[in-house]
Amino acid sequence: MQDPQSGWIPREAALGPRQQSRVPRQFLPQDRTIANPPALLLTIRSIIAESKGIFDTVESVGSILRTLVAPHLDGWYDFLDKTQASPFSTSSTRCPRWTGRTAAHNLASGLDDYPRGVLVDEGLECHVDLTSWMVLFADTMVKINSTAVGVRPTRFWQGERERLQSLLRTKMVNEKGMFSDLIGRQIVVKRKGKAGSLLSRPPWVGRGMAGQCSPMNGIECDPY
């Protein structure tokens, strides 16, 4: 299912008229710039942990991961790195953000309706969850330690891990010491006698609106 040129892996698809009728029309097509979390890494890391002590034996799990799996992972990382980086990024400060997020939702991220601000500027955004996934990805490649053809050397993955960890620590920690998305200027709602709060949900979208996510609905909708 992985595209050998770009490393793109398609997401789940609604198959058949009945399933498609339950999905808003704008979410049916596959988009080669949209990425999902690389959750497969969690299984791979679990396998590595469980095979400790026999990881490096001949025809072991380690051998399979290095020769058969690692080249696909390398391509997957490359896809994420190229398609999910903010346009303002430089070669040394590439900043991961989920391509395609809207004010109402960010379905591809897995944190579908996690509030990220109603003003969307992909060119100025960095997202903590995707950056953390990329750290995990690089660290997993370090653990696999593959020398297969088509896989970048371990020192590259060590550098990526350190770069992304530094990005989290230096750019994505707010004044309260908490990790926080970089989402640029946002709308702050001020209430009398209270501190202003970030407007996290679009005022034109509400929960429980009948038919708001119907495939026949042509406006921005909240699928929840």
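Scroll up to find the structure.
Cut-off values and rules
- Residues numbered from 1 in each chain as written.
- Predicted model: local features only at pLDDT ≥ 70, side-chain atom pairs only at ≥ 80, totals over all residues.
- Heavy atoms only, no water.
- Salt bridge = Lys/Arg side-chain N within 4 Å of Asp/Glu carboxyl O.
- Helix = DSSP H or I, 4+ residues; strand = E, 2+ residues; numbered from the N terminus.
- Disulfide = S-S within 2.5 Å.
- Buried < 20%, exposed > 50% of the residue type's maximum accessible area, 1.4 Å probe, protein only.
- Core = buried A, V, L, I, M, F, W, Y, C linked by side-chain atoms within 4.5 Å.
- Phe/Tyr/Trp six-rings, centres within 6.5 Å; stacked < 30°, edge-to-face > 60°.
- Axes fitted to C-alpha atoms, helices over the stretch in contact; angles between N-to-C directions.
- Parallel < 35°, antiparallel > 145°, perpendicular 65-115°, else oblique.
- Left-handed = near helix turned anticlockwise from the far one by under 90°.
- Contact = heavy atoms within 4.5 Å.
- 1 Å grid on protein atoms, 1.4 Å probe; cavity = no way out; pocket = protein on both sides within 12 Å on 5 of 7 lines; lining within 4 Å.
- Points joined across faces, edges and corners; volume = space filled by probe spheres on them.
- Nonpolar A, V, L, I, M, F, W, Y, C, P; charged D, E, K, R; others polar.
- Polar contact = N/O pair within 3.5 Å; in protein donor to acceptor, adjacent residues only side chain to side chain.

Chemist: Looking at this structure, I do not really get the pattern of salt bridges. What am I missing?
Modeler: Proximity of charged atoms lets side chains of opposite charge pair with each other. According to the stated counting rule, one finds 10 salt bridges in the structure shown. The closest approach of N and O atoms between Arg152 and Asp78, which form a salt bridge, is 3.7 Å. Taken together, the residues Arg152 in the loop between α4 (128–144) and α5 (154–171) and Asp78 in helix α3 (residues 61–83) connect sequence positions 74 residues apart. Put simply, Asp74, Asp78, Lys82 and Arg152 are held in one network by salt bridges that share partners.

Chemist: Honestly, the state of the cysteines in this entry has me stumped. Any pointers?
Modeler: Each disulfide consists of a covalent bond between the sulfur atoms of two cysteine residues. Following the criterion strictly, the structure yields one disulfide and no others. A sulfur-sulfur distance of 1.4 Å marks the disulfide that ties Cys95 to Cys126. Separated by 31 residues along the polypeptide, Cys95 in the loop between α3 and α4 and Cys126 in the loop between α3 and α4 bring together distant segments of the chain. You'll find Cys95 and Cys126 in the same group, each marked buried.

Chemist: What should I look at first to understand the nonpolar core in this one?
Modeler: Soluble globular proteins tend to pack their nonpolar side chains together in the buried interior. Formed by 32 residues in total, the largest nonpolar core has its most connected members in Leu73, Leu80, Phe137, Met141, Ile144 and Trp157. Elements represented by at least two residues in this core include exactly α2 (40–50), α3, α4 and α5. The dominant element in this core, judged by the number of residues it contributes, is α4, at 10 residues.

Chemist: How should the packing of aromatic side chains be read in this particular structure?
Modeler: Any aromatic ring pair is given by two values, namely how distant the centres are and how the planes are angled relative to each other. One pass over the full model with this rule turns up four aromatic pairs. On the numbers, 4.9 Å between centres and 85 degrees between planes, the contact of Tyr77 with Trp157 is edge-to-face. A residue pair is termed long-range when its members are at least 10 positions apart, and Tyr77 in helix α3 and Trp157 in helix α5 qualify at 80 residues. When sorted by exposure, Tyr77 lands in the same class as Trp157, which is buried. Pairing Phe156 with Trp157 gives two aromatic rings, centres 4.9 Å apart and planes at 80 degrees, and the pair type is edge-to-face. Here Phe156 falls in the partly exposed class, since its relative accessible area comes to 27%. One aromatic cluster is present, built from ring pairs that chain together Trp76, Tyr77, Phe137, Phe156 and Trp157.

Chemist: How should the packing of α3 against α4 be read in this particular structure?
Modeler: Relative to each other, α3 and α4 sit at 155 degrees, their axes nearing to 11 Å. By the angle class used here, α3 and α4 are roughly antiparallel. You can see that α3 and α4 cross each other, and the crossing is left-handed. Here Leu65, Arg66, Ala70, Leu73, Asp74, Trp76, Tyr77, Leu80 and Asp81 of α3 lie close against α4, whose contacting residues are Met134, Phe137, Ala138, Met141 and Ile144.

Chemist: Just checking my understanding: could you explain empty space enclosed by the protein for this structure?
Modeler: To locate leftover empty space, one rolls a probe as large as a water molecule over the atoms. Tallied over the full model, the rule gives two cavities of 30 Å³ or more. Roughly 40 Å³ of volume is contained in the second largest cavity. Counting residues per element, the ones that place at least two in the lining of the second largest cavity are α3 and α5. Looking at side-chain class alone, the lining of the second largest cavity contains six nonpolar, one polar and three charged residues.

Chemist: What is the right way to read the side chain of Ser51 from this model?
Modeler: Relative to the helices and strands, Ser51 resides in the loop between α2 and α3. Classification of Ser51 as buried rests on a relative accessible area of 4%. At 3.0 Å, the side chain of Ser51 forms a polar contact with the backbone oxygen of Ile47. A polar contact of 3.2 Å, which involves the side chain of Ser51, links it to the backbone oxygen of Ile48.

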